[in-house]
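# Coordinates in review
The residues making up each chain are set out below.
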Amino acid sequence: DEMVVMQDGMPEADRWQATLFFMVFQLVAQFVLMNLFVMVIEDAYEVLDDEDGRHARRMVDEFKKCWQELDPEATGEIS
């Protein structure tokens, strides 16, 4: 087993430090990833509740109606 071979050549103090480093690294990495995940979810809810976002969606609908009047055949150009 490769791990046993690596541990056999490592002094006892280094094994303890490597184990401690690995555990701390895992905790910090999980904490950071969990915070990123929560931040993305929270940001999505914030956009849903944003008054400016609702106003922008209404304006997009209004823009579509106006553009349809200017370009009834949907050519992408104002006739």
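Refer to the structure presented above.
Residues numbered from 1 in each chain as written. Predicted model: local features only at pLDDT ≥ 70, side-chain atom pairs only at ≥ 80, totals over all residues. Heavy atoms only, no water.

On the surface, a cluster of negative charge is made up of Glu 42, Asp 43, Glu 46, Asp 49 and Asp 50. With respect to the helices and strands, Asp 43 occurs in helix H2 (residues 12-49). (Patch = residues over 30% accessible without salt bridge, like charges linked within 9 Å, V, L, I, M, F, W, Y side chains within 5 Å. Areas by Shrake-Rupley, 256 points an atom, 1.4 Å probe, with all protein chains shown as cover. Salt bridge = Lys/Arg side-chain N within 4 Å of Asp/Glu carboxyl O. Lys, Arg positive; Asp, Glu negative; His and termini not counted. Charge placed at Lys NZ, Arg CZ, Asp CG, Glu CD. Helix = DSSP H or I, 4+ residues; strand = E, 2+ residues; numbered from the N terminus.)

This part takes up the environment of Glu 77. Mapped onto the elements of the fold, Glu 77 is located in the segment after helix H3 (51-70). Here Glu 77 falls in the exposed class, since its relative accessible area comes to 58%. Between the C-alpha atoms of Glu 77 and Trp 67, which are ten residues apart in sequence, the distance is 9.5 Å. The residues touching Glu 77, leaving out its near neighbours within four places in the chain, are Trp 67 and Asp 71. (Buried < 20%, exposed > 50% of the residue type's maximum accessible area, 1.4 Å probe, protein only. Contact = heavy atoms within 4.5 Å.)

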